[in-house]
Amino acid sequence: MKKILFIFSLLFLLFFTTACDNKAYILFNKYPFTKDTMTSTTNVFKPGDKIYYLITTPKPVETNKILVQVYKLGSNERLGYELVWGKMVKIRNEQVYYYTDYFTLNQTGAYLMRAYTKDYPTKMLTANNFYIRD
């Protein structure tokens, strides 16, 4: 009887403590995203490098539009952050769960990329930091 009660309580505990991970992510890479380059991501780049990014979404974006913004975080002249790059992108029908592209920045520092959907423009979909160093 104790074994059955123990197994039942263990299954009950496992059922309520495990959950699906329904988060969106941003990944960075020095090379375009393919099956081979998905495992070699990085968030440190040199000035002038192409910064490839991949934004994944757990469910399709209904409006098919994502706002991508890059902020430069704190510098000697300015504390806080400054918007340095932004783009409104339209997601194609065959890419409803992800979007990938690249951009280039030349100034060293710490940066933050944020993504918003037009479905919920006040709620941030995801964010990730990257760095540009000499």
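Residues numbered from 1 in each chain as written. Predicted model: local features only at pLDDT ≥ 70, side-chain atom pairs only at ≥ 80, totals over all residues. Heavy atoms only, no water.

Chemist: What is the right way to look at the pairing of strand S3 (residues 50–56) in this model?
Modeler: Along a regular strand, successive side chains alternate from one face of the sheet to the other. For S3, the buried fraction is high: five of the seven residues fall into the buried class. Where strand S1 (residues 25–29) lies against S3, five bridges are found, and the strand directions are antiparallel. Paired with Asn29 across the two strands is Tyr52, which belongs to S3. Where S3 lies against strand S6 (residues 98–104), seven bridges are found, and the strand directions are antiparallel. Bridging across to S6, Ile51 finds its partner in Phe103. (Buried < 20%, exposed > 50% of the residue type's maximum accessible area, 1.4 Å probe, protein only. Helix = DSSP H or I, 4+ residues; strand = E, 2+ residues; numbered from the N terminus. Pairing = 2+ DSSP bridges.)

Chemist: What should I look at first to understand the nonpolar core in this one?
Modeler: In a soluble, globular protein the nonpolar side chains are often hidden away together inside. In terms of nonpolar packing, the biggest core is built from 21 residues, with Phe28, Tyr53, Val68, Val70, Phe103, Met113 and Phe130 touching the most fellow members. Contributions of two or more residues to this core are made by S1, S3, strand S4 (65–73), strand S5 (81–90), S6, strand S7 (109–117) and strand S8 (124–132). (Core = buried A, V, L, I, M, F, W, Y, C linked by side-chain atoms within 4.5 Å.)

Chemist: What is the right way to look at the packing of aromatic side chains in this model?
Modeler: For any pair of aromatic rings, the description rests on two quantities: the centre-to-centre distance and the angle between the ring planes. Applying the stated criterion across every chain, the model contains eleven aromatic pairs. For the ring pair Tyr53 and Trp85, a centre distance of 6.2 Å and an interplane angle of 75° mean the geometry is edge-to-face. Taken together, the residues span a long stretch of sequence, with Tyr53 in strand S3 and Trp85 in strand S5 at a distance of 32 residues. Summarising the aromatic geometry, the rings of Tyr111 and Phe130 are spaced 5.4 Å apart at their centres and angled 10° between planes, so their arrangement reads as stacked. Here Tyr111 is found in strand S7, whereas its partner Phe130 is found in strand S8, with 19 residues between them in sequence. Under the relative-accessibility criterion, Tyr111 is labelled buried at 2%. By relative accessible area, Phe130 is classed as buried at 0%. These aromatic residues form a ring-pair network of at least three members: Phe28, Phe45, Tyr53, Trp85, Tyr99, Phe103, Tyr111 and Phe130. For Arg114, the ring lying beneath its charged end belongs to Tyr71, and the centroid distance is 4.9 Å. (Phe/Tyr/Trp six-rings, centres within 6.5 Å; stacked < 30°, edge-to-face > 60°. Lys NZ or Arg CZ within 6 Å of the ring centre and 35° of its normal.)

Chemist: Can you help me understand the environment of Lys72 in this one?
Modeler: Relative to the assigned elements, Lys72 resides in strand S4. For Lys72, a relative accessible area of 9% puts it in the buried group. In contact with Lys72, not counting residues within four places along its chain, are Gly80, Tyr81, Glu82, Val84, Gln107, Thr108, Gly109, Ala110 and Tyr111. Polar side-chain contacts of Lys72 include one of 3.2 Å to the backbone oxygen of Thr108. (Contact = heavy atoms within 4.5 Å. Polar contact = N/O pair within 3.5 Å; in protein donor to acceptor, adjacent residues only side chain to side chain.)

Chemist: Got a minute to help me understand the sheet that holds S5 in this structure?
Modeler: Picture the strands of a sheet paired through backbone hydrogen bonds; they go either parallel or antiparallel. Strands sit in the order S2-S8-S7-S4-S5 across an open sheet of five strands; the sheet is mixed. Every other strand in the sheet has two partners, leaving strand S2 (44–45) and S5 as the edge strands with one partner each.

Chemist: Is there a simple way to explain the pattern of salt bridges in this structure?
Modeler: Here the idea is simple: oppositely charged side chains can pair when their charged atoms come close. Across all of its chains, the model carries two salt bridges by this definition. With a shortest N-O distance of 2.5 Å, Lys87 and Asp101 are connected by a salt bridge. In this pair, Lys87 is assigned in strand S5 and Asp101 in strand S6, connecting sequence segments 14 residues apart. Under the relative-accessibility criterion, Lys87 is labelled partly exposed at 31%. Note that Glu94 and Arg92 form a salt bridge whose closest N and O atoms lie 3.5 Å from each other. Residue Glu94 is classed as exposed on the basis of its relative accessible area of 57%. (Salt bridge = Lys/Arg side-chain N within 4 Å of Asp/Glu carboxyl O.)

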